[in-house]
Amino acid sequence: MIIKPMIRNNICLNAHPAGCEASVKKQIEYAKKYLTKTEGKTPKLALVIGCSSGYGLASRIAAAFGYGAVTVGVSYEKEPSAKHTGSFGFYNNKTFDCEAEKAGLVSVTLNGDAFSDEIKAKACEAVRQAAEKAGIPAKIDIVIYSLASPVRTDPKTGIMHKSVIKPIGAPFSGKTLNMMDGSFGIAEAEPASEEEILNTVKVMGGEDWELWMDVLDKEGLLSQKAYSLAYTYIGPELSWAIYKNGTIGKAKEDLERACRDINSRFTAQKKIKGAWVSVNKALVTRSSAVIPVIPFYVTCLFKVMKEMGLHEGCIEQIVRLYRDRLYTFDGLVPVDSENRIRIDDWEMRGDVQEAVTSRMKIITPDNVFAETDIAGFKHDFMEVHGFDVDGVDYEAYVDLDAE
Ligand code: NAD
């Protein structure tokens, strides 16, 4: 099969194996170049929940190829069939495992629902097996919780909860940019009901992160010097009505609540070294193109940050997180007044935000291609799915069975 991108309503329905492979390899090279293993300081065993793409994939790559860690990864990805490609995460995982093996690094990847008790039990078993294979104690040094999911089935009740991206209290109306053709539209959303808020918190809040920590503790798999991290986004005020003050923001508040809980139950008891929520930069991942306002803001943000020499992708962000925040020279973890790690610091810099706000005001359909980085946004979106990657022959036949 010759694989061409299938895009419907800003969602890409397929993936290119060779493009995903090239993209993962690029991230591996970056991590190798900018991180250095330090015996006794950097992690030996990492568990990454949501390991197949975006921030989770970068976190796994950085732990393995930057620090030489054994990694166990959990994600939920679609395998290829005779007629359909697998999801990009499937090919990312495959490349990761293949490159790890070549580099002599132990890695185990599990495909299944991270919210279920079953996959948690399997992950514990995989951690033990991976540690045994590598000849190290089965004690996890870093737990990364990087799930982004639209649904969650609660293992206790069996009820499936669905998250929504909606404002709270008042309707939302905002300018949206279609990154495929540069056209503008108005996105409108009615305020969420109480039930929708609760459901979104159930899916994207911190309950499941805590369940993971409980299981790992019960199974004796946490190192006393372990870090546990989950990721969040805050962003500029212009997005707050739909993001920070909306349903997703409520879920992220719950993630911070869970973090405080984990610290009082685990860090205070000296079971781990600490848990943090890290605030990361806005980047293009699978769902970025469908959140109102975000594509317009991100295209202007990328333009400004590239002009200022401050632009970063997932791997650059995570390398900075590990090197300058977690595994620092003096062992201290710099945090803000709310005990959050900030690697969105460059995005939120006063001069960056001022330049982005002014730019957003002057953008029209006539200058959108010249004055924003819509091309960069689209490229990143395609690259996430394995398309538009340098050096890949997109006219070449791909045997999906072999893949
Ligand atoms: P992503 O879509 O690239 O990755 C999500 C991961 O979760 C994938 O590995 C996927 O397989 C996994 N997953 C989803 N449902 C699952 C399930 N039921 N079981 C097992 N695995 C499952 O997402 P991302 O953009 O990297 O986001 C990760 C985290 O980072 C989220 O908490 C997000 O809010 C946060 N964040 C994202 C951005 C951004 O701009 N993308 C910015 C700041 C923070």
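Preceding block: the structure.
Described below are features of the structure shown in this document.

About the cut-offs
Residues numbered from 1 in each chain as written. Predicted model: local features only at pLDDT ≥ 70, side-chain atom pairs only at ≥ 80, totals over all residues. Heavy atoms only, no water. Helix = DSSP H or I, 4+ residues; strand = E, 2+ residues; numbered from the N terminus. Rg over C-alpha atoms; globule rule 2.2 N^0.38 Å. Buried < 20%, exposed > 50% of the residue type's maximum accessible area, 1.4 Å probe, protein only. Contact = heavy atoms within 4.5 Å. Areas by Shrake-Rupley, 256 points an atom, 1.4 Å probe, with all protein chains shown as cover. Lys, Arg positive; Asp, Glu negative; His and termini not counted. Charge placed at Lys NZ, Arg CZ, Asp CG, Glu CD. Salt bridge = Lys/Arg side-chain N within 4 Å of Asp/Glu carboxyl O. Expected span 1.5 Å × (residues − 1). Axes fitted to C-alpha atoms, helices over the stretch in contact; angles between N-to-C directions. Parallel < 35°, antiparallel > 145°, perpendicular 65-115°, else oblique. Left-handed = near helix turned anticlockwise from the far one by under 90°. Nonpolar A, V, L, I, M, F, W, Y, C, P; charged D, E, K, R; others polar. Near = heavy atom within 4 Å. Polar contact = N/O pair within 3.5 Å; in protein donor to acceptor, adjacent residues only side chain to side chain. Pairing = 2+ DSSP bridges.

Let us now look at the overall build of the protein chain. In terms of helices and strands, the protein chain carries 12 helices and 13 strands. Here the C-alpha radius of gyration of the protein chain, 21 Å, is about what a compact globule of 403 residues would show, namely 22 Å. Residue burial in the protein chain is summarised as follows: out of 403 residues, 55% are buried. In the protein chain, 77% of the contacts between residues at least 6 apart in sequence involve partners at least 24 apart. Working note: accessible area of the protein chain is about 17600 Å², and carbon and sulfur atoms make up 53% of it. Here the protein chain contributes 49 positively and 56 negatively charged side chains, and the mean placements of these two sets differ by 3 Å.

Using the criterion set out here, one finds 35 salt bridges in the structure. R359 serves as the salt-bridge partner of E307, at 3.2 Å between the closest nitrogen and oxygen. Separated by 52 residues along the polypeptide, E307 in helix α8 (residues 294–307) and R359 in helix α10 (residues 350–362) bring together distant segments of the chain. Exposure remark for R359: the relative accessible area of 14% places this residue in the buried category. Via salt bridges that share partners, E210, D214, D254, R257, D261 and R265 belong to a single interconnected network.

This part is about helix α6 (residues 207–218). In a regular helix each residue adds 1.5 Å, so 12 residues correspond to 16 Å; α6 covers 17 Å between its end C-alpha atoms and thus fits that length. Burial in α6 covers these residues: D208, W209, E210, L211, W212, M213 and L216. Just downstream of α6, G220 is the residue with a positive phi angle, here 65 degrees.

Before going further, it helps to examine the packing of helix α4 (residues 117–134) against α6. Contact pair α4 / α6: the axes reach a minimum separation of 10 Å and the direction vectors enclose 45 degrees. Taken together, the axes of α4 and α6 are oblique relative to one another. Considering how the two elements wind past one another, α4 and α6 form a crossing that is right-handed. Every residue of α6 that contacts α4 at I119, K120, A123 and C124 is listed here: D208, L211, W212, V215 and L216. The residue inventory of the contact of α4 with α6, partitioned by class, reads seven nonpolar, no polar and two charged.

Next up on the list: the site of the ligand. Lining the immediate surroundings of the ligand are 27 residues, of which S52, E77, A114, K252 and L283 lie closest. Y76 places a main-chain nitrogen or oxygen 3.2 Å from an oxygen atom of the ligand. When the ligand sits alone it has 840 Å² of accessible area, and the protein chains cover 92% of it. For the shell around the ligand, a count of residues per class yields 11 nonpolar, 11 polar and five charged.

On to the sheet that holds strand β11 (residues 222–232). Across the sheet, which stays open at both edges, the seven strands sit in the order β5-β4-β3-β6-β11-β12-β13 with parallel pairing between neighbours. Strands with a single pairing partner mark the edges of an open sheet, and in this sheet they are β5 (107–111) and β13 (341–342). Pairing of strand β3 (residues 45–49) with strand β4 (residues 70–75), which is carried by five bridges, proceeds in the parallel orientation. Following the sheet pairing, I49 is matched in β4 by V74. Those strands touched by helix α3 (residues 88–102) are β4 and β5, and its axis lies near 160 degrees from that of β5. In the packing of helix α7 (residues 247–267) onto the sheet, contacts are made with β11 and β12 (274–279), and the angle to β12 comes to roughly 160 degrees.

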